[in-house]
Amino acid sequence: MRVRNKPWASEFLAENRHIAIAQPSELKGKWQEFFGNSNPIHIEVGTGKGQFLTGMAKANPDINYLGIELFQSVMVIAVQKVIDAEVDNLKLLNVDAAVLTDIFEDGEVDRLYLNFSDPWPKKRHEKRRLTYKTFLSLYERLLVKGGEIHFKTDNQGLFEFSLRSFSEYGMLLTFVSLDLHQSDFEGNIMTEYEEKFSNKGQRIYRSEAKFQN
Ligand code: SAM
């Protein structure tokens, strides 16, 4: 998701450093201390405009949420949503998923969400998919033992690739839905992309996969 460059984005993030954390690597190993509690840490990689995590943070006040988003121009919209929602258990980090191990100590994260990750459909770009094995090995390091990845997408190709990738990595698939909105899954919180695609009649795929370390 690329939105038009917003020249005021840096200034807006600088004014909201209580939500958009400036130097997240300085908090490596200290995230619970930062939140001031011992609640679990759940992260979403590729948060986009923040609808999912804002909804999750409101629904689950006993979980600390961190949203990871590459583009400032997108993250400003998520920051505004956190301000409007008045939640203090959700913070946002403007970083690339590739540097996650600089930000989290091994085993510091309890769960990881991937929602509507960019599909990178060309074979030569498969290493960029956020469910490629190199990303799984990063996630495995920062997640607790037996930590889970919860994944949603509208893209059948990415979903099939990801199920294979989880399985070939040795993860255990504990939930798979080929049509989430027609299933009996309860408590689903929709992302911006999920709303957009399901309004067009597209089905939504969802999985949960667990590291077996
Ligand atoms: N999760 C949101 C949703 O479901 O509405 C946004 C989906 S959008 C297709 C993918 C998002 O992932 C974009 O906002 C993009 O900037 C972000 N993203 C892609 N690669 C990333 C990376 N390596 N690190 C952090 N964010 C990334």
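Residues numbered from 1 in each chain as written. Predicted model: local features only at pLDDT ≥ 70, side-chain atom pairs only at ≥ 80, totals over all residues. Heavy atoms only, no water.

1. Concerning the overall build of the chain
- In terms of helices and strands, the chain carries eight helices and seven strands.
- On C-alpha atoms alone, the chain measures out to a radius of gyration of 16 Å, which is about the 17 Å that the 2.2 N^0.38 rule sets for 213 residues.
- In the chain, which comprises 213 residues, the proportion classed as buried is 49%.
- Relative to all contacts within the chain whose residues are 6 or more apart in sequence, the contacts with residues 24 or more apart total 76%.
- Summed over all atoms, the accessible surface of the chain reaches about 10700 Å², with 46% contributed by carbon and sulfur. (Helix = DSSP H or I, 4+ residues; strand = E, 2+ residues; numbered from the N terminus. Rg over C-alpha atoms; globule rule 2.2 N^0.38 Å. Buried < 20%, exposed > 50% of the residue type's maximum accessible area, 1.4 Å probe, protein only. Contact = heavy atoms within 4.5 Å. Areas by Shrake-Rupley, 256 points an atom, 1.4 Å probe, with all protein chains shown as cover.)

2. Observations concerning the nonpolar core
- Grouped together as the largest cluster of nonpolar side chains are 37 residues, with contacts concentrated most on Trp31, Ile43, Val45, Phe104, Tyr139 and Ile149.
- Once residues within four sequence positions are removed from consideration, Ile43 is found in contact with Leu66, Leu100, Phe104, Val109, Arg111, Leu112, Tyr113 and Leu142.
- In this structure, Ala9, Phe52, Ile63 and Val87 belong to the second largest nonpolar core, which totals 22 residues. (Core = buried A, V, L, I, M, F, W, Y, C linked by side-chain atoms within 4.5 Å.)

3. Focus: a nonpolar patch on the surface
- Together, Leu173, Val176 and Leu178 make up an exposed nonpolar region whose accessible area comes to about 240 Å².
- Within the secondary structure, Leu173 is located in strand S6 (residues 172-177). (Patch = residues over 30% accessible without salt bridge, like charges linked within 9 Å, V, L, I, M, F, W, Y side chains within 5 Å. Salt bridge = Lys/Arg side-chain N within 4 Å of Asp/Glu carboxyl O.)

4. Some remarks on the environment of Asn213
- Its location among the elements puts Asn213 in the segment after strand S7 (205-210).
- When the C-alpha atoms of Asn213 and Val144 are compared, they prove to be 9.0 Å apart, with 69 residues separating the residues in sequence.
- When neighbours within four sequence positions are excluded, Asn213 is seen to be in contact with Glu140, Val144, Lys145 and Gly146.

5. Notes on the pattern of salt bridges
- The tally for this structure, following the rule as stated, stands at seven salt bridges.
- With a shortest N-O distance of 3.5 Å, Arg141 and Asp106 are connected by a salt bridge. On the criterion of sequence distance, the pair formed by Arg141 in helix H6 (residues 133-142) and Asp106 in the loop between helix H5 (100-103) and strand S4 (109-115) is long-range, its members being 35 residues apart.
- A relative accessible area of 45% means that Arg141 is categorised as partly exposed.
- Each of the salt bridges in this network shares a partner with another, and the network as a whole consists of Lys123, Glu126 and Arg129.

6. Remarks on the sheet that holds S7
- Judged by pairing direction, the sheet is mixed, and its seven strands sit side by side in the order S3-S2-S1-S4-S5-S7-S6 without closing on themselves. Strand pairing shows two members of the sheet lacking a second neighbour, strand S3 (90-93) and S6, which therefore form its edges. Taking each pair of neighbouring strands and ignoring which way they run, the sheet shows an average axis angle of 20°. (Pairing = 2+ DSSP bridges. Axes fitted to C-alpha atoms, helices over the stretch in contact; angles between N-to-C directions.)

7. Here's the deal with the site of the ligand
- The local shell around the ligand holds 18 residues, among which Gly46, Glu69, Ala97, Asn115 and Thr191 are the closest.
- Measuring from an oxygen atom of the ligand, one finds a side-chain N or O atom of Glu69 at 2.6 Å.
- Taking Tyr193, its main chain carries an N or O atom lying 3.0 Å from an oxygen atom of the ligand.
- Residues belonging to the shell around the ligand are distributed by class as follows: eight nonpolar, five polar and five charged. (Near = heavy atom within 4 Å. Polar contact = N/O pair within 3.5 Å; in protein donor to acceptor, adjacent residues only side chain to side chain. Nonpolar A, V, L, I, M, F, W, Y, C, P; charged D, E, K, R; others polar.)

8. Here we look at the packing of aromatic side chains
- All chains considered together, the criterion is met by 13 aromatic pairs.
- An angle of 80° between the planes, with centres 5.8 Å apart, marks the rings of Tyr169 and Phe211 as edge-to-face. With Tyr169 in the loop between helix H7 (156-168) and S6 and Phe211 in the segment after S7, this pair connects stretches of sequence that are 42 residues apart.
- An angle of 55° between the planes, with centres 5.7 Å apart, marks the rings of Tyr193 and Phe197 as tilted. Within this pair, Tyr193 and its partner Phe197 are both found in helix H8 (residues 192-199), separated by four residues, close to a single helical turn.
- Each residue in the set Trp31, Phe34, Phe35 and Phe104 is aromatic and connected to the rest through ring pairs, giving one cluster. (Phe/Tyr/Trp six-rings, centres within 6.5 Å; stacked < 30°, edge-to-face > 60°.)

9. Description of unusual backbone geometry
- Although it is not a glycine, Glu86 adopts a positive phi angle of roughly 55°.
- Counting through the fold element by element, Glu86 comes out in the loop between helix H4 (72-85) and S3.
- The backbone of Phe116 shows a phi angle near 55°, a positive value even though the residue is not glycine.
- For Phe116, a relative accessible area of 8% gives the class buried.

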